[in-house]
Amino acid sequence: MKNKEKVKTVQSTNRVIPKKEYWMFATAGLGQGMIYAVMSSYVSDFYTNVLQLPLMFVLLLMLLARVWDAINDPLMGVIVDKHTTRWGKMKPYIVFTAVPIAVLTFLMFYCPDLSSTKLMIYAAFVYVIWGMTYTISDVPFWSMPNVMTPDPDERASVISTGRTLNGVGTAVPQILFLILGFVLPGIITKFKPDVAPIDVDKSKYMVIAILCSVIGIILFLNAYFGVKERVIIPKKEKKDKNGKKEKSALGRIFSCKPLMLVVIMGVLSSGRYMIQVAAPHVARYAFYIGPTLTDSMSIEEKTKCIQSSISTVSSVIAACAAIGMFGAMLFMPIILKHFNYKQIVIRSCFGGFIASIFTTVLGIISIKTGNNKLFFACIPFITISSIPLGILNIVAYAMIGDSLDYMEWKTGFRDTALGSACQSFVNKLGNALATSGIILMYILIHLDPAEMLSKDVIMAATAVPTMQRLAMFGLVSIVPGISILLCAVPIFFYDLVGEKRDKITAELAEKRAALGIKTD
């Protein structure tokens with residue numbers, strides 16, 4: 001490794017965040033993770049298999065909403081960067097969006113008795129408004145580590161712990177999905193023996209949405225009540241010392257090469273979301289694990305068996321993703337002592353791709369031979385292929401922080417919220433591309449959810465043709481693997497590591513001191 005890519009040459013000691021504040025931010029991340037995961041992990045399954053909206057409508061909704069985000073997210077970043085209120089620069093957006101996000105999360109998984117056309121209008125309205133409201137809180141929230149401390153290592157630590165607990169939060173809806181899949185059918189049929197199979201799914205998602213939105217928002221508010229903003233960079237004149245007009249905020253963002261490389265990495269890694277987002281779809285249409293279903297069984301008995309299988313398969317995949325992701329996050333402080341961001345991304349992504357190949361081969365054999373035990377043989381490889389999920393969740397935000405340091409060092413401007421808005425947009429774009437990929441797969445293989453689940457019918461994955469089952473399984477195996485491999489390519493050109501990073505940190509501290517900027 002070249003000298004310029006050494007892990008660290010200077011250890012930062014300017015730590016300013018008290019432990020209580022540190023953990024208040026982290027628990028806020030946990031709450032946000034709970035809320036976001038309800039939408040990101042299950043809205044595609046809810047829209048396609050429960051509301052049974054037209055597949056092309058769901059596909060267009062996901063894509064067009066992201067087109068709006070391409071405007072909405074940077075706009076929110078500019079607004080935050082340009083204004084400071086008496087309550088702070090970032091914090092007001094946290095408290096003012098809390099209740100609306102909780103209500104909209106509930107409404108997203110509520111199934112009103114409407115005609116097909118009105119139901120599409122309702123779903124589109126709630127989905128788009130939820131995304132806009134979430135952006136208003138998400139952009140300033142993940143910008144906060146940049147204003148909590150001037151120290152890049154402490155900032156990285158805050159982000160690492162916050163993203164780790166955010167990841168823990170994403171597991172809560174998955175745990176509820178598992179538990180409710182086993183217990184809810186029995187509870188509902190006890191009070192309503194003739195309940196329709198599709199109504200069981202409606203009730204399951206309603207319970208998950210209510211619990212996660214209420215608990216999640218309470219935790220998320222810790223970011224308002226427990227965090228202090230310290231690093232406030234004063235506005236700089238729009239003209240330089242020679243009277244030449246400076247670049248616009250968007251111009252500075254697009255001309256910041258390290259930041260653009262991180263954004264490209266995020267877009268190319270969009271397929272990684274499929275490991276979690278596609279889990280319930282794979283559970284419905286690729287594998288059935290349970291007793292043999294016979295014609296003599298009542299629809300209530302079939303519902304119980306199939307719901308248990310869906311919960312098992314979905315939860316196994318989700319658990320593998322969680323273990324790989326959380327494991328990587330928990331060990332990140334140790335990993336960062338020995339490797340820089342560039343090394344971590346490239347090595348973990350290559351390893352994840354290799355693991356995805358093994359997952360694919362074992363899954364194909366399992367489906368073609370009908371040997372369900374081989375599905376469980378995929379567990380270690382799905383877990384390994386999920387390691388980059390946790391690493392990218394942390395490293396991307398830390399690299400953006402370093403890129404903003406580079407921008408401030410080079411131009412004197414620091415567009416903190418706009419830079420964070422880039423990552424917010426990339427996250428939502430990635431999730432939308434993953435969801436759109438799932439819906440597109442339904443269309444390409446001619447899989448009709450209404451034939452598998454309705455008020456009178458429920459069918460297991462074994463009733464699905466083999467090629468359709470293999471195609472659905474590919475959504476959690478080879479597709480994420482290829483995406484993870486591709487995302488490492490732009491990072492070969494990322495150079496904010498080693499001595500260059502240390503030089504920027506030291507010189508930036510001197511510039512701030514000379515300008516009288518206080519950061520304590």
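Structural data are supplied above this passage.
From a predicted model like this one, the values you see are computed outputs, not experimental measurements.

Asker: I'm lost on helix H13 (residues 341–369) in this one. Help?
Answerer: Since the α-helix turns once every 3.6 residues, residues separated by three or four places project in the same direction. Its 29 residues give H13 an end-to-end C-alpha distance of 42 Å, which sits within 8% of 42 Å, the value for a rise of 1.5 Å per residue. For H13, the capping residue at the N-terminal end is asparagine 340, with a side-chain oxygen 3.1 Å from the backbone nitrogen of lysine 342. Positioned one or two residues after H13, glycine 370 has a phi angle of 75 degrees, which is positive.

Asker: What exactly am I supposed to notice about empty space enclosed by the protein here?
Answerer: To find leftover empty space, a probe the size of one water molecule is rolled over the atoms. In the structure shown here, the tally under the stated rule is eight cavities of 30 Å³ or more. The space that makes up the largest cavity amounts to roughly 360 Å³. Lining the largest cavity are 26 residues, and of these Tyr36, Arg163, Asn166, Thr170 and Tyr273 sit closest to its centre. Secondary structure elements with two or more residues in the lining of the largest cavity: helix H1 (19–50), helix H4 (116–148), helix H5 (152–191), helix H10 (274–277), helix H12 (299–335), helix H16 (387–411) and helix H17 (416–444). Counting residues per element, the lining of the largest cavity draws most heavily on H1, which supplies six residues. The residue inventory of the lining of the largest cavity, partitioned by class, reads ten nonpolar, twelve polar and four charged. Considering only enclosed or pocket space, the second largest cavity measures out at about 80 Å³ in volume.

Asker: Can you help me understand the nonpolar core in this one?
Answerer: Considering soluble globular proteins, one finds that nonpolar side chains tend to be buried as a cluster. Counting residues in each nonpolar core, the largest one holds 167 residues, and the members touching the most others are Tyr47, Leu53, Met108, Phe109, Tyr127, Trp130 and Phe141. The greatest single-element share of this core, amounting to 15 residues, is contributed by H1.

Asker: I keep staring at the packing of helix H3 (residues 91–108) against H4 and nothing clicks. Help me out?
Answerer: A pair of packed helices can be characterised by two numbers: the angle between their axes and the separation between those axes. It is the contact of H3 with H4, at a shortest axis distance of 9 Å, that shows an interaxial angle of 150 degrees. Between H3 and H4, the angle falls in the class roughly antiparallel. Read as a crossing pair, H3 and H4 show a hand that is left-handed. On H4, the residues touching Lys91, Tyr93, Ile94, Thr97, Pro100, Ile101, Leu104, Thr105, Leu107 and Met108 of H3 are Tyr122, Val126, Tyr127, Ile129, Trp130, Thr133, Tyr134, Ile136, Ser137, Pro140, Phe141 and Met144.

Asker: What is the right way to read the pattern of salt bridges from this model?
Answerer: Side chains carrying opposite charge are able to pair once their charged atoms draw close together. For the structure on display, the rule yields eleven salt bridges. Among the salt bridges present, the one from arginine 155 reaches aspartate 402, with a minimum N-O distance of 3.1 Å. Residue arginine 155 is located in helix H5, and its partner aspartate 402 is located in helix H16; the two are separated by 247 residues in the primary sequence. Aspartate 402 carries the same exposure label as arginine 155, and that label is buried. Among the salt bridges present, the one from lysine 500 reaches aspartate 495, with a minimum N-O distance of 2.9 Å. A single salt-bridge network, built from bridges that share partners, covers Asp153, Arg155, Asp402, Asp405 and Arg501.

Scoring rules and cut-offs
Residues numbered from 1 in each chain as written. Predicted model: local features only at pLDDT ≥ 70, side-chain atom pairs only at ≥ 80, totals over all residues. Heavy atoms only, no water. Helix = DSSP H or I, 4+ residues; strand = E, 2+ residues; numbered from the N terminus. Expected span 1.5 Å × (residues − 1). Polar contact = N/O pair within 3.5 Å; in protein donor to acceptor, adjacent residues only side chain to side chain. 1 Å grid on protein atoms, 1.4 Å probe; cavity = no way out; pocket = protein on both sides within 12 Å on 5 of 7 lines; lining within 4 Å. Points joined across faces, edges and corners; volume = space filled by probe spheres on them. Nonpolar A, V, L, I, M, F, W, Y, C, P; charged D, E, K, R; others polar. Core = buried A, V, L, I, M, F, W, Y, C linked by side-chain atoms within 4.5 Å. Buried < 20%, exposed > 50% of the residue type's maximum accessible area, 1.4 Å probe, protein only. Axes fitted to C-alpha atoms, helices over the stretch in contact; angles between N-to-C directions. Parallel < 35°, antiparallel > 145°, perpendicular 65-115°, else oblique. Left-handed = near helix turned anticlockwise from the far one by under 90°. Contact = heavy atoms within 4.5 Å. Salt bridge = Lys/Arg side-chain N within 4 Å of Asp/Glu carboxyl O.

Geometric descriptors of this kind do not, in isolation, establish any biological role.
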